[in-house]
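Descriptive analysis of the structure
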Amino acid sequence: MAKSLAVRAAFSDRNRRQSYLLIGLGIIFLLGALLLHLNPLTYPIGLFLFGAGVLAAALLNPHRLLIAGILITLIGISIFFAFKPVIPDGGGTLFFAIGLSLLAIAFAARRGYIGAGAITPALIILFVGLIEYGPTYRLFPTGFAPFILSLWFPGLGLLALGIIYLFARTK
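Before going into details, it helps to say that this report is about the structure given with it.

The rules behind these values
Residues numbered from 1 in each chain as written. Predicted model: local features only at pLDDT ≥ 70, side-chain atom pairs only at ≥ 80, totals over all residues. Heavy atoms only, no water. Helix = DSSP H or I, 4+ residues; strand = E, 2+ residues; numbered from the N terminus. Rg over C-alpha atoms; globule rule 2.2 N^0.38 Å. Buried < 20%, exposed > 50% of the residue type's maximum accessible area, 1.4 Å probe, protein only. Contact = heavy atoms within 4.5 Å. Areas by Shrake-Rupley, 256 points an atom, 1.4 Å probe, with all protein chains shown as cover. Polar contact = N/O pair within 3.5 Å; in protein donor to acceptor, adjacent residues only side chain to side chain. Expected span 1.5 Å × (residues − 1). Arc of directions from axis to C-beta. 1 Å grid on protein atoms, 1.4 Å probe; cavity = no way out; pocket = protein on both sides within 12 Å on 5 of 7 lines; lining within 4 Å. Points joined across faces, edges and corners; volume = space filled by probe spheres on them. Nonpolar A, V, L, I, M, F, W, Y, C, P; charged D, E, K, R; others polar. Phe/Tyr/Trp six-rings, centres within 6.5 Å; stacked < 30°, edge-to-face > 60°. Lys NZ or Arg CZ within 6 Å of the ring centre and 35° of its normal.

**With respect to the overall build of the protein**
- Regarding its fold elements, the protein presents eight helices and zero strands.
- Listed N to C, the secondary structure of the protein is α-α-α-α-α-α-α-α in terms of helices and strands.
- Taken over the C-alpha trace, the protein has a radius of gyration of 17 Å; the compact-globule value for 171 residues is 16 Å, and the two agree within 12%.
- C-alpha atoms of the protein, sized along the principal axes, occupy 55 × 35 × 30 Å.
- The buried share among the 171 residues of the protein stands at 39%.
- Within the protein, counting contacts between residues at least 6 apart in sequence, those at least 24 apart form 75% of the total.
- Total accessible area computed for the protein in this model is approximately 10300 Å², and 73% of it derives from carbon and sulfur atoms.

Quick look at the structure:
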């Protein structure tokens, strides 16, 4: 009985630290957006920084955010290559990003960091598909793409995710 209470307390402490890290990174990115005023089409790093923040928080508790961190970080790198002419035909790297993400997720599952039956990869890929698909892209607000690429997105996203996870009672 005492052992199960100690394990529960350790998970709770790890979850709380993870939430505080997400909130702290969100505040840092919001301050960066306020002070730097970067053009999101010149510096399309918002989605990548959001994924990197989620991946950094996943280091504290991999069971919670590892899948989302891997997928969003690699998709963010692909979107960066699509907007910046760093490599030729950088817009076609999305499939490589998704394939590498699924490979990394499979390795993480083999090591026991994540369990079977996680639906996060499917939801993230469906959301990316809705954004990439032409007819549904027109349904989003006018400034949606620049917002996703700006520093405002990781700031607000990580702050909201940290607050949600701070009050969530999951393992």
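**A short note on the environment of Thr42**
- Of note, Thr42 is situated in the loop between helix H1 (2-36) and helix H2 (46-58).
- Residue classification places Thr42 among the partly exposed residues on the basis of a relative accessible area of 32%.
- Spatially, the C-alpha atoms of Thr42 and Leu130 are 24 Å apart, while their sequence positions differ by 88 residues.
- Within the local environment of Thr42, its side chain forms a polar contact with the side chain of Asn39, the two groups lying 3.1 Å apart.

**Things to note about helix H4 (residues 94-110)**
- Relative to the 24 Å expected for 17 residues at 1.5 Å per residue, H4 spans 24 Å between its end C-alpha atoms, a close match to the ideal helical length.
- When we look at burial in H4, the residues that qualify are Leu94, Ala97, Ile98, Ser101, Ile105 and Ala108. Projected onto a plane normal to the axis of H4, the buried residues spread over an arc of 95° and lie on a single side. The exposed set on the far side of H4, more than 90 degrees from its buried face, consists of Phe95, Phe96, Phe107 and Arg110.
- Buried residues in H4 make contact with helix H3 (62-83) and helix H5 (120-132).
- Directly beyond the C-terminal end of H4, a positive phi value near 90° is found at Gly112.

**Notes on the layout of surface pockets**
- Its boundaries defined by the atoms lining it, the largest pocket holds a volume of some 570 Å³.
- Together, 25 residues line the largest pocket, and Leu47, Ile79, Val128, Ile131 and Glu132 are the ones closest to its centre.
- Where the lining of the largest pocket is concerned, the elements lending two or more residues are H2, H3, H4, H5, helix H6 (134-137) and helix H7 (144-149).
- A per-class count over the lining of the largest pocket returns 21 nonpolar, three polar and one charged.

**Brief notes about the side chain of Gln18**
- Mapping Gln18 onto the fold places it in helix H1.
- For Gln18, a relative accessible area of 0% gives the class buried.
- Not counting chain neighbours up to four residues away, the residues in contact with Gln18 comprise Ala57, Ala58, Leu60, Asn61, Arg64 and Leu65.

**A look at helix H8 (residues 152-167)**
- The end-to-end C-alpha distance of H8, which contains 16 residues, comes to 23 Å, matching closely the 22 Å that a straight helix rising 1.5 Å per residue would cover.
- For H8, the set of buried residues is Phe153, Pro154, Gly155, Gly157, Leu158, Leu161, Gly162 and Tyr165.

**Observations concerning the packing of aromatic side chains**
- Scanning all chains against the criterion turns up four aromatic pairs.
- Here the aromatic rings of Phe50 and Phe153 are separated by 5.0 Å at their centres, their planes lie at 50°, and the arrangement is tilted. Of the two residues, Phe50 sits in helix H2 while Phe153 sits in helix H8, which places them 103 residues apart along the sequence. Considered together, Phe50 and Phe153 belong to a single accessibility category, that of buried residues.
- Ring plane angle 55° and centroid distance 6.0 Å describe the contact between Phe80 and Phe81, whose orientation is recorded as tilted.
- A relative accessible area of 26% places Phe80 in the partly exposed class.
- By relative accessible area, Phe81 is classed as partly exposed at 23%.
- Through a chain of ring-to-ring contacts, three or more aromatic side chains come together here, namely Phe50, Phe147 and Phe153.
- The ring of Tyr165 has Arg64 sitting right over it, with the charged end atom 4.3 Å from the ring centre.

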